[in-house]
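# Structural description and commentary
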Amino acid sequence: MLRRAGFALVLVGLVGSTAVGQQWAQKMFQQTDHDFGAVARDSKTEYRFELENLYVEDVHIASISSSCGCTTPVIEKQLLKTYEKGAILAHVNTDRFRGQKGATLTVTFDKPFYAQVQLHVKAYIRDDIVVEPGSVQFGAIDLGTAAEKTVALSRNGNSDWKILGVKSSNPHLKVKIWEADRRGSQVRYGMKVFLDSETPAGYLNDHLLVVTNDYGRKELPVLVEGRVTPGVTVSPSSLFMGLVEPGRKVTKKLVVRGKKPFRILSITCEDESFAFDPSVVGGEAKTLHLVPVTFVAGESKGKVAKKIRIETDLGQMAPELPAYAVVSPQQ
């Protein structure tokens, strides 16, 4: 039993690793600590601790707990298949807490083995700065479309307060900021955030860093959220063909949807081990296409990871689809 379990949990891409203790769960997380720095009162303050199932067996998150009521954790997806990604969302309750706060989030796994991973967050919640609304919300935006949203930032208790600039790690976000009002000890700024038409499809979850002349805590994060939706979507978002013996083949289906009827012009992959039903190319225009994908395992053992590309007559490519398989002899 232990031998088979050890085999099932071989970390793909690492040779000889049979981590059956706590470390197998830790390896799935890209990051386990996050410091928000100073944040505004009532601002939407969230961070996604991303994880990916690196193993052949399913991974199940049984529960999550927080050491402090200042932070509410949410499991975005409890069951992760091989190579599926998920996240633990840490939401800081800036509406109910003030000052320096920190929390330890304990993530408990019960499958394929019991394990716990601790995530750490901290923030200094300021009472004198307010962002209205609490974040920049773009909502759903069609691919190729520009958008803009405006928020207000105000500071109470310092008549000399100034915003010096805004930093962004996202090249598709631009910001215009101006002083709107300065009365007594109250200062108010307006901030317009522009999302350009070249933004790729997918979820938008970024932080703008507002730089001020405050002593010590000069930067203030402002959350930016949205979803850029293409004219054509493919599900599942990643295709795992499974554990396949050399020389064997397996077929699974993709669901390709459009906002209006469309034709599939081509389906390509740089690896010939992935093949597609030619009848779906050049067929009738419709809003939903089922695309069978067949993987034929070669003699080389290990992980096969490729990209599938689907071109339509809507003038745009569907999002690239990651396709995976693990070639392994029968145990």
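So, a few notes on the structure that sits alongside this text.

Quick notes on the rules
Residues numbered from 1 in each chain as written. Predicted model: local features only at pLDDT ≥ 70, side-chain atom pairs only at ≥ 80, totals over all residues. Heavy atoms only, no water. Helix = DSSP H or I, 4+ residues; strand = E, 2+ residues; numbered from the N terminus. Polar contact = N/O pair within 3.5 Å; in protein donor to acceptor, adjacent residues only side chain to side chain. Contact = heavy atoms within 4.5 Å. 1 Å grid on protein atoms, 1.4 Å probe; cavity = no way out; pocket = protein on both sides within 12 Å on 5 of 7 lines; lining within 4 Å. Points joined across faces, edges and corners; volume = space filled by probe spheres on them. Nonpolar A, V, L, I, M, F, W, Y, C, P; charged D, E, K, R; others polar.

As a further point, take the side chain of Thr294. One can find Thr294 in strand E21 (residues 286-296). At a separation of 2.8 Å, a polar atom in the side chain of Thr294 contacts the side chain of Thr251. The residues touching Thr294, leaving out its near neighbours within four places in the chain, are Met241, Lys249, Val250, Thr251, Ser273, Phe274 and Ala275.

All right, on to the layout of surface pockets then. Within this model, the largest pocket holds a volume of roughly 1,800 Å³. Mapped onto the lining of the largest pocket, the elements with two or more residues apiece are strand E2 (45-52), strand E6 (85-92), strand E9 (136-142), strand E14 (202-212), strand E15 (219-229), strand E16 (232-235) and strand E23 (321-327). In terms of residue class, the lining of the largest pocket is made up of 16 nonpolar, 15 polar and 13 charged.

Moving on, we get to unusual backbone geometry. Here the residue pair Lys111 and Pro112 is connected by a cis peptide bond, since its omega of 0° sits within 30 degrees of zero. Relative to the helices and strands, Pro112 resides in the loop between strand E7 (99-111) and strand E8 (115-132). Although it is not a glycine, Asp42 sits at a positive phi angle of roughly 65°. Within the secondary structure, Asp42 sits in the loop between strand E1 (33-41) and E2.

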